[in-house]
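Each chain, written out:
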Amino acid sequence: MRTLALPLLLSTGLLVACGGTDTPEPVILDDDATVVVDTDLDTAEADMDVEETMSAAEMMIGEWNQETPFEMTVGDNSFTIMNGEAEYEADGTSEIEAMLIVSGQPDGQNSYEIDLDGTYELNGDVLTERFTSAEVEPVVSDDTTRMIAQAIQAALAGTGPTSSTVVSIDEDMLVRRVEGLGELRYSRNMN
């Protein structure tokens with residue numbers, strides 16, 4: 001919940017000016033330092049809708065679940081990235097976790113968990129991400145899968161900034177277009 005102090009003070013002043021007799025309960029800060037106001041007002045004057053608009057950058061903040069798996073080819077290898085979760089923080093940091101499936105590898109040697117930490121910036125509709133660390137773990141660990149995981153990790157660590165276009169974003173859905181991959185859909189994680 002996002003509340004600004006100035007609108008809160010103005011609404012209290014308007015309530016009294018319009019003849020409202022009930023006074024709002026005190027402002028209480030929860031553990032996240034979010035302002036929570038319990039008004040419990042019975043007056044008709046206080047029964048108004050207040051709509052607040054959030055920028056795309058503000059809507060970006062939070063946890064997102066990947067809805068669309070995507071495939072990519074690097075050299076002779078094809079990869080599918082799926083079951084991803086992305087978390088974008090207000091301070092510009094991000095964490096992405098996903099499952100990477102390598103085509104052409106025997107079962108048990110084709111699945112890897114990826115964890116990327118980095119930063120992001122949203123300018124207009126362009127999302128730029130820079131990964132500062134990459135960790136890749138095989139689902140089934142043996143000499144071959146550990147070697148493949150190290151190669152994938154080295155490749156991810158050596159990438160520069162990546163860019164995508166935010167096609168649409170609202171409180172429930174994020175749609176990005178990545179050149180060569182198409183549109184990727186994410187739903188907000190409400191847990």
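Here is what the cut-offs are and how they apply
- Residues numbered from 1 in each chain as written.
- Predicted model: local features only at pLDDT ≥ 70, side-chain atom pairs only at ≥ 80, totals over all residues.
- Heavy atoms only, no water.
- 1 Å grid on protein atoms, 1.4 Å probe; cavity = no way out; pocket = protein on both sides within 12 Å on 5 of 7 lines; lining within 4 Å.
- Points joined across faces, edges and corners; volume = space filled by probe spheres on them.
- Helix = DSSP H or I, 4+ residues; strand = E, 2+ residues; numbered from the N terminus.
- Nonpolar A, V, L, I, M, F, W, Y, C, P; charged D, E, K, R; others polar.
- Core = buried A, V, L, I, M, F, W, Y, C linked by side-chain atoms within 4.5 Å.
- Buried < 20%, exposed > 50% of the residue type's maximum accessible area, 1.4 Å probe, protein only.
- Salt bridge = Lys/Arg side-chain N within 4 Å of Asp/Glu carboxyl O.
- Pairing = 2+ DSSP bridges.

Draft legend 1. Spotlight on the layout of surface pockets. Volume-wise, the largest pocket comes out at about 930 Å³. Around the largest pocket sit 38 residues that line it, and Phe-70, Met-72, Ile-81, Leu-116 and Leu-156 are the ones nearest its centre. Looking at the lining of the largest pocket element by element, the count peaks at seven residues for strand β5 (residues 77-88). Of the residues in the lining of the largest pocket, the class split is 25 nonpolar, eight polar and five charged.

Draft legend 2. Local environment of the nonpolar core. Counting 30 residues, the largest nonpolar core has Met-60, Tyr-88, Leu-100 and Tyr-112 as its most contacted members. It is strand β7 (residues 111-123) that provides the largest number of residues to this core, a total of five residues.

Draft legend 3. How the structure looks around the pattern of salt bridges. All told, the structure shown has three salt bridges when counted by the stated rule. Across the pair Arg-146 and Asp-143 runs a salt bridge, and its minimum N-O distance is 2.7 Å. You can see Arg-146 and its partner Asp-143 sitting in helix α3 (residues 143-157), three residues apart, about one turn around the helix. Relative accessible area serves as the criterion here: at 37%, Arg-146 is assigned to the partly exposed category. The closest approach of N and O atoms between Arg-177 and Glu-183, which form a salt bridge, is 3.3 Å.

Draft legend 4. Quick look at unusual backbone geometry. Of note, Asn-83 is a non-glycine position whose phi angle comes to about 55°, a positive value. Tracing the backbone through its elements, the reader meets Asn-83 in strand β5.

Draft legend 5. Just the pairing of strand β3 (residues 62-66), in detail. Judged from the four bridges that link them, β3 and β5 form a sheet pairing that is antiparallel. Counted as the bridge partner of Gly-62 is Tyr-88 from β5.

Any functional reading would require information that these geometric values do not contain.
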